[in-house]
Amino acid sequence: MTKATEQTNPLREGLSTRAVPQPCAIVIFGATGDLTHRKLIPALYNLAADGELPPAVTVIGFARRPKSDDDFRKELAETTKQFSRQDVREDIWKTFSQSHFYHQSEFEDESGYQSLAKRLDKIDEERGTRGNRLFYFAAAPEQFEPILKNLEAAGLNKAKEGSWARVIIEKPFGRDLASAQELNRVVFGAFAENQTYRIDHFLGKETAQNILVLRFANAIFEPIWNARYIDHVQITAAETLGVEGRAGYYETAGALRDMVQNHLLQLLCLVAMEAPTDLSADSIRDEKVKVVRSLHHYRADEIAELVVRGQYIRGAINAKNVPGYREEEKVDPKSETETYGALRLRIDNWRWSEVPIYLRVGKRLPKSATEISVHFKKAPMVLFNRDSTEHDQNVLVIRIQPDEGISLRMMAKIPGTSLRIEPVKMDFHYGTSFGKASPEAYERLLLDAMSGDATLFARRDEVEEAWAFIDTIEQAWTGKDAPPLTFYPAGSWGPEEADELLARDGRAWRRL
Ligand code: BG6
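Residues numbered from 1 in each chain as written. Predicted model: local features only at pLDDT ≥ 70, side-chain atom pairs only at ≥ 80, totals over all residues. Heavy atoms only, no water.

Between helix H7 (residues 206-216) and helix H9 (residues 255-272), the shortest axis-to-axis distance is 9 Å and the interhelical angle comes to 10°. For the element pair H7 / H9, the angle class is roughly parallel. Note on packing geometry: the crossing formed by H7 with H9 is right-handed. Across the interface between the two elements, Ala-208, Ile-211, Leu-212 and Arg-215 from H7 touch Leu-267, Leu-270, Val-271 and Ala-272 from H9. (Axes fitted to C-alpha atoms, helices over the stretch in contact; angles between N-to-C directions. Helix = DSSP H or I, 4+ residues; strand = E, 2+ residues; numbered from the N terminus. Parallel < 35°, antiparallel > 145°, perpendicular 65-115°, else oblique. Left-handed = near helix turned anticlockwise from the far one by under 90°. Contact = heavy atoms within 4.5 Å.)

Put into structure tokens, the structure is as follows:
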């Protein structure tokens, strides 16, 4: 088996410099699917509209259904208008859409890849893509293996001298440690680690990237960013959405696999990691993986106490009645799949020793919001509000979405002749401070992959360590002593058991 290797791009070494995308052909496997229409093409369009994309960049949609280039372009025009961050301008779209082609083939059919190779060579000549190939796996996970094998058989995993071949793999990256290891094994049959980009779109979100800047470009936070000053940390990803036609996948996943194994643990790594030695992809990922490795793995008898799983029953979101999860189309009426998870976890290292970390994630909650809050220890209340039982804490909130920004809650004197104090907020909003819209996560990540920067993509060891942690919970949940599933009405903030998880520690979830 031959693996292509890749030289580091001298123009771009990690997060420190501007992305310099190189002309390339992007082959999207699963080009007729939801992801292509909702995220990938709108992201590429916005990059083109902002002048970030070399004109030679060419998209080849690879899928099973017969379709002409023109039909493909027409369909993309419709959906891009619907999902693009900026309004679609006819003149830009016209040129942009001419760089889109459709390649019809079964994923298992080797000849489809031979003809793809020929087509790509021709595109190199006609459009100047210079032999650079970016293969985007947006197909169903069961197709990953045949696609990889056929790419290799057609020699497409190997780049010509001076060019590159890379592969972007969408989630879910396996459904447990064993399947993730197996997928890595299959990927490595054809591509090397430095050609492999495992996407986690949360890492492309502007505020997620800003966590490192907040922590390591400001001198005031690091000295107090530890167990001595931090009481606890909360990370919440709340969504009003239900399963939205994805029940087939969701039934086999659940909230933990869908959101915690990847997005929430990635955010936790950024919050908890040590300062990297530099901004190269591996320096950052070396530090992140140490966090996941330091997570305390639950013993079977701890799961019932430290992890809550819930499922929504019918209720109302924004005054609109919605069905319960078990009533959704394609969901087993006896489904035990969790749509909500709350965890109390522990990072066993010096910095975080004994600091509880609470994660919560849920569908059909009253609000869509993702945020991280760092709750500092209370000041000794020897001076102010001595007669009050209310001893407020300083809380640093990093709002990942919506209204991206950072706020710090602190105490201030209430104006007047008496000396009373109350919490106030120092608030930074991306929208107003910089006056320009942040790019969508997929824009940033596609640009990075075209530039050869894997910093915001998950490395093999990160993914596998995260699965090893999640597996302990999943195994306990399917075992014979599994704690019961709890329920919450759609439109509520989750099961009572999740509130009790914090109440037992004398704490409460932040109100979002
Ligand atoms: C996806 C999950 O990875 O992230 C979805 O599969 C979830 O279930 C989505 O809705 C949330 O992403 P965002 O960017 O909309 O917060």
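Okay, back to it.
A separate point is the sheet that holds strand E14 (residues 395-401). Spatial ordering of the open sheet is given by E16-E15-E14-E13-E7-E12-E11-E8-E17, a layout of nine strands whose pairing is mixed. Since the sheet does not close on itself, it has two edges, and those belong to strand E16 (421-429) and strand E17 (486-489), each with one partner. The average angle at which neighbouring strand axes cross in this sheet is 20°, direction not considered. Of the strand pairs in this sheet, strand E8 (residues 307-313) and E17 are connected by four bridges, and their pairing is parallel. Along E17, the bridge assignment pairs Tyr-312 with Tyr-488. The sheet strands contacting H9 are strand E7 (230-238), strand E11 (340-345), strand E12 (357-362), strand E13 (369-376) and E14, and the helix crosses E12 at an angle near 140°. Running over the sheet, helix H15 (residues 496-503) touches E7, E8, E11, E12 and E17 and is turned about 10° from E11. (Pairing = 2+ DSSP bridges.)

This brings us to the site of the ligand. In the region of the ligand, the neighbouring residues are Lys-171, His-201, Phe-202, Lys-205, Glu-239, Arg-246, Asp-258, Met-259, His-263, Lys-363 and Gln-401. Here an oxygen atom of the ligand and a side-chain polar atom of His-263 are 2.7 Å apart. Taking Lys-363, its side chain carries an N or O atom lying 2.8 Å from an oxygen atom of the ligand. Here the ligand has 400 Å² of accessible area as a free molecule, and 79% of this is covered by the chains. (Near = heavy atom within 4 Å. Polar contact = N/O pair within 3.5 Å; in protein donor to acceptor, adjacent residues only side chain to side chain. Areas by Shrake-Rupley, 256 points an atom, 1.4 Å probe, with all protein chains shown as cover.)

Across all of its chains, the model carries 46 salt bridges by this definition. Across the pair Lys-39 and Glu-440 runs a salt bridge whose closest N-O atoms are separated by 4.0 Å. With Lys-39 in helix H1 (residues 34-49) and Glu-440 in the loop between helix H12 (430-434) and helix H13 (441-451), this residue pair connects regions lying 401 residues apart in the sequence. The exposure class of Lys-39 is partly exposed, given its relative accessible area of 34%. (Salt bridge = Lys/Arg side-chain N within 4 Å of Asp/Glu carboxyl O. Buried < 20%, exposed > 50% of the residue type's maximum accessible area, 1.4 Å probe, protein only.)

The next thing to look at is a negative patch on the surface. Residues Glu-106, Glu-108, Asp-109 and Glu-110 make up a contiguous surface patch of negative charge. When you line up the elements, Glu-106 lands in the loop between strand E3 (100-104) and helix H4 (110-127). (Patch = residues over 30% accessible without salt bridge, like charges linked within 9 Å, V, L, I, M, F, W, Y side chains within 5 Å. Lys, Arg positive; Asp, Glu negative; His and termini not counted. Charge placed at Lys NZ, Arg CZ, Asp CG, Glu CD.)

A word on unusual backbone geometry. Among all residues except glycine, the phi angle is most often negative; among peptide bonds, the trans geometry is most common. The omega angle of the peptide bond from Lys-171 to Pro-172 is 0°, so this bond is cis rather than trans. Omega for the peptide link from Gln-401 to Pro-402 comes to -15°, which places this bond in the cis form. With respect to the secondary-structure elements, Pro-402 resides in the loop between E14 and strand E15 (405-413). Positive phi values are uncommon outside glycine, yet Ala-319 reaches one of about 65°.

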